[in-house]
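Residues per chain, in single letters:
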Amino acid sequence: MTPNIKTIANPVLMALTEPVRKGVLRRIEAMERELAFLAAKEDRRVFALRRNGWSEERLQLLFVLNSIYQQVLGPLQGASRGGPEGLGKSVAIRHGSASFSSKTSGATLNALKDFNEMMSSLGFEREHLNLNTCEDIVFRLYGATNEPSERGE
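All values derive from a computational prediction rather than experimental measurement.

A. Expanded view of the layout of surface pockets. Taken as a whole, the second largest pocket encloses approximately 150 Å³ of empty space. Looking at the second largest pocket, the residues that line it are I8, A9, V12, L61, V64, L65, I68, F115, M118 and L122. The residue inventory of the lining of the second largest pocket, partitioned by class, reads 10 nonpolar, no polar and no charged.

B. Summary view of the packing of aromatic side chains. Enumeration according to the criterion identifies two aromatic pairs in this entry. A centroid spacing of 5.9 Å and a plane angle of 25° characterise the contact between W54 and F124, whose relative ring orientation is stacked. Linking W54 in the loop between α3 (44–51) and α4 (56–81) with F124 in the loop between α5 (102–121) and α6 (134–145), this pair joins segments that are 70 residues apart in sequence. Overall, the relative accessible area of 5% leaves W54 in the buried class. Considering the side-chain rings of Y69 and F115, the 6.5 Å spacing of their centres and the 20° angle between planes classify their relative orientation as stacked. With a gap of 46 residues between them, Y69 in helix α4 and F115 in helix α5 connect regions that are remote in the sequence. One exposure class covers both Y69 and F115, and it is buried. Seen from the ring of W54, R58 lies directly overhead, with NZ or CZ sitting 3.7 Å from the centre.

C. Representation of the packing of helix α2 (residues 18–40) against α3 in the model. It is the contact of α2 with α3, at a shortest axis distance of 7 Å, that shows an interaxial angle of 100°. Comparing their axes, α3 and α2 come out roughly perpendicular. Across from L35, L38 and A39 in α2, the residues of α3 making contact are R45, V46, F47 and R50. Each residue belonging to the contact of α2 with α3 can be placed in one class, and the counts come to five nonpolar, no polar and two charged.

D. Up close: α3. Of the residues making up α3, those classed as buried are R45, V46, A48 and L49. Buried residues in α3, looked at end-on, bunch into an arc of 160°, giving them a common side. Those residues of α3 that are exposed and angled more than 90 degrees off the buried face are R44 and R51. The inward-facing, buried residues of α3 abut α2 and α6. After α3 finishes, the residue G53 shows a positive phi value of roughly 95°.

E. Spatial organisation of the side chain of R27. When you line up the elements, R27 lands in helix α2. The charged side chain of R27 is buried without a salt bridge, its nearest counter-charge being D136 at 7.3 Å. Contact partners of R27, with chain neighbours within four places excluded, come to N66, S67, Q70, Q71, L131 and N132.

F. Just the packing of α3 against α6, in detail. Direction vectors running N to C along α3 and α6 enclose 55°, while the axes themselves pass 9 Å from each other. Between α3 and α6, the angle is such that the two are oblique. As for the relative orientation of α3 and α6, their crossing is left-handed in sense. Along its contact with α3, which presents R44, R45, V46, A48 and L49, the element α6 presents E135, V138, F139, L141, Y142 and T145. Looking at the contact of α3 with α6 residue by residue, the classes come out as seven nonpolar, one polar and three charged.

Calculation notes
- Residues numbered from 1 in each chain as written.
- Predicted model: local features only at pLDDT ≥ 70, side-chain atom pairs only at ≥ 80, totals over all residues.
- Heavy atoms only, no water.
- 1 Å grid on protein atoms, 1.4 Å probe; cavity = no way out; pocket = protein on both sides within 12 Å on 5 of 7 lines; lining within 4 Å.
- Points joined across faces, edges and corners; volume = space filled by probe spheres on them.
- Nonpolar A, V, L, I, M, F, W, Y, C, P; charged D, E, K, R; others polar.
- Phe/Tyr/Trp six-rings, centres within 6.5 Å; stacked < 30°, edge-to-face > 60°.
- Helix = DSSP H or I, 4+ residues; strand = E, 2+ residues; numbered from the N terminus.
- Buried < 20%, exposed > 50% of the residue type's maximum accessible area, 1.4 Å probe, protein only.
- Lys NZ or Arg CZ within 6 Å of the ring centre and 35° of its normal.
- Axes fitted to C-alpha atoms, helices over the stretch in contact; angles between N-to-C directions.
- Parallel < 35°, antiparallel > 145°, perpendicular 65-115°, else oblique.
- Contact = heavy atoms within 4.5 Å.
- Arc of directions from axis to C-beta.
- Lys, Arg positive; Asp, Glu negative; His and termini not counted.
- Salt bridge = Lys/Arg side-chain N within 4 Å of Asp/Glu carboxyl O.
- Left-handed = near helix turned anticlockwise from the far one by under 90°.

This is the structure in structure tokens:
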């Protein structure tokens, strides 16, 4: 991560337990390595993204947010929704050291709402959170920023 991205990410990362933080960092680092690999092999999609304003820092920020969602917020969101039989509502769900009931699910859903608003204000789409790898992100961003004729269609 660049120093600017570290400054942005550290408050959130330091609030996580060590095992969760390590998992998030491993995921971010894997995406950064994959981006470096794609750039080294002169992937046309990476160059097109850069021409369209997707700097290395902006991509790294997306990797951080995506990783936090995938490793932390996504599982919490799933546990907070509750199932048809009252799971998470009348019957608490345990996720790691956290327990989810009707009391805690409201706070989690509010945090997710704030996170989604932040994503939107940064110009990222909600769908970017559901992508699993750097390649998936590059593919989606490239498809969204280029006209069909530029993609070879």
